[in-house]
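# Structural features, examined
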Amino acid sequence: MIIKTFRLRAKNIAAAVVLTFVAAAAVKAAPPAAKAVFSIASGEKRLLPIYSVETEEPEIAISFDAAWGADDTDTLLEILEDNDVKTTFFMCGYWIDKYPDEVKKIAEAGHDLGNHSATHPHMSKLTKEQIADEIKETGNKIEELTGVKSELFRAPFGEYTNDVISTAEELGYYTIQWDVDTLDTKLKTTFSNQL
C-alpha cells in the first residue's frame, strides 16, 4: 500500500478537501489489516490501530480483556459455546501467571489469545524498549503455556502512540482497538451478579 501525505496550506484548502475524500475512500478499500496513517498540519504522521474490518457479512467481533479476575470464566465460556461464538481474550501477563488453567481452557475452546501487556501500564508513557518488553513477555507466556503464537495486541486503557503501534508491528502484532466500548469498568456490579 502506498500512502502519500500532504501539508495543508491556505492556497491548497480546496485540493486538500478533495484529497481527504480520496484518502478516505482508499483507506476504506484497503486490505483489512492495513493501518490508516493520517498526516496532520505539523507534518507528523499519526499511526492508528485497527478499529474495525469491512466484511460482506453482517458480523461483529467480540473481545474481552483478561486482566482482573477469573470467577466468571467458566460461565462466559459456556455462554460463548452455547451460542457458537468465538472471541478474542486479550490477556495480561500477570493474569496468565495467576490463572494458567483458565488460559488453557480459553485456548482449548478455540478462542483467540490476544496480548494485553505484561503489567497493564500506561503504554504511552513507556520507551520503545519498555513497550517491547511488555509485549514480548506476555507473548512468550501465552506461547509457552498454550503453544499459540499471539498476533493481536491491545494496549491497556486504549492508549496508543506511534511508538506503541510501530513496536507492536515490529514484533509481529496487529494493534487492535475497540470501536464500541461497553463501559463495563464504570459499572459497580460484576458480570456474575447479573446472571
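The structure we're discussing is the one just above.
My aim in this report is to walk through the structure given alongside it, one point at a time. (Residues numbered from 1 in each chain as written. Predicted model: local features only at pLDDT ≥ 70, side-chain atom pairs only at ≥ 80, totals over all residues. Heavy atoms only, no water.)

### A few points about the nonpolar core
Here is the rule we go by: Joining through side-chain atoms within 4.5 Å is the link that ties buried Ala, Val, Leu, Ile, Met, Phe, Trp, Tyr and Cys residues into a set, and such a set is a nonpolar core. Buried residues are those whose accessible area, probed at 1.4 Å on protein chains only, stays under 20% of the maximum for their type, while exposed residues exceed 50% and partly exposed ones sit between those limits. The helix and strand labels rest on DSSP assignments: H or I over at least four residues marks a helix, E over at least two residues marks a strand, and numbering proceeds from the N terminus. By definition in these notes, contact holds between two residues if any of their heavy atoms fall within 4.5 Å.
Ranked by internal contacts, the top residues of the largest apolar core, which has 15 residues, are Phe-89, Met-91, Trp-95, Ile-96, Val-103, Ile-106 and Leu-113. Of the residues forming this core, the biggest block, three residues, is contributed by helix α2 (residues 73–82). Apart from residues no more than four positions distant in its own chain, Val-103 is found in contact with Met-91, Trp-95, Ile-96, Leu-145 and Thr-146. Judged by nonpolar contacts, the second largest core, of eleven residues, contains Ile-135, Ala-155, Tyr-160 and Ala-168.

### As for helix α4 (residues 100–108)
Put simply, the test is: Arc definition: directions from the helix axis to the C-beta atoms.
All buried positions along α4 are accounted for by Glu-102, Val-103 and Ile-106. Down the axis of α4, the buried side of the element spans an arc of 100 degrees, and every buried residue falls inside it. Seen from the open side of α4, the exposed residues pointing more than 90 degrees away from its buried face are Asp-101 and Glu-108. Along its buried surface, α4 packs onto α2, β4 (88–91), α3 (93–98), β5 (112–115) and α5 (128–146).

### Thoughts on unusual backbone geometry
Notably, Ser-117 is not glycine yet its phi reads approximately 90 degrees, a positive angle. Within the secondary structure layout, Ser-117 lies in the loop between β5 and α5. In this structure, His-120 takes a positive phi of about 60 degrees despite not being glycine. For His-120, the position within the fold is in the loop between β5 and α5.

### Overview of the packing of α2 against α4
Helix packing for two helices is described by the angle between their axes and how far apart those axes are. Here is the rule we go by: Simply put, an axis is a line fit to the C-alpha atoms, just over the touching stretch for a helix, and the angle between two N-to-C directions goes from 0 to 180 degrees. Relative orientations are named as follows: roughly parallel for angles under 35 degrees, roughly antiparallel for angles over 145 degrees, roughly perpendicular for angles from 65 to 115 degrees, and oblique for any other angle.
For the pair α2 and α4, interaxial distance at closest approach is 11 Å and the crossing angle is 5 degrees. As summarised for this structure, α2 and α4 are arranged roughly parallel, according to the angle between their axes. Across from Thr-73, Asp-74 and Leu-77 in α2, the residues of α4 making contact are Glu-102, Lys-105 and Ile-106.

### Quick word on the pattern of salt bridges
Rules: The working definition used for a salt bridge is a side-chain nitrogen of Lys or Arg within 4 Å of a carboxyl oxygen of Asp or Glu.
Scanning all chains against the criterion turns up six salt bridges. Salt-bridge contacts for Asp-65 lead to Arg-154; the nearest nitrogen and oxygen are separated by 2.7 Å. With Asp-65 in strand β3 (residues 63–66) and Arg-154 in the loop between β6 (152–153) and α6 (162–170), this residue pair connects regions lying 89 residues apart in the sequence. Overall, the relative accessible area of 5% leaves Arg-154 in the buried class.

### Thoughts on α6
Val-164, Ile-165, Ser-166, Thr-167 and Ala-168 are the residues of α6 that are buried. The first or second residue beyond α6 is Gly-172, which carries a positive phi of 90 degrees.

### A few points about the packing of α5 against α6
We apply this condition: Crossing handedness follows the turn of the near helix against the far one: under a right angle anticlockwise gives a left-handed crossing, and clockwise gives a right-handed one.
Between α5 and α6, the shortest axis-to-axis distance is 9 Å and the interhelical angle comes to 50 degrees. Our classification of the angle between α5 and α6 gives oblique. Crossing geometry of α5 relative to α6 is assigned as right-handed. Residues Lys-128, Ile-131, Ala-132 and Ile-135 of α5 lie in contact with α6, whose contacting residues are Asp-163, Val-164, Ser-166, Thr-167, Ala-168 and Glu-170.

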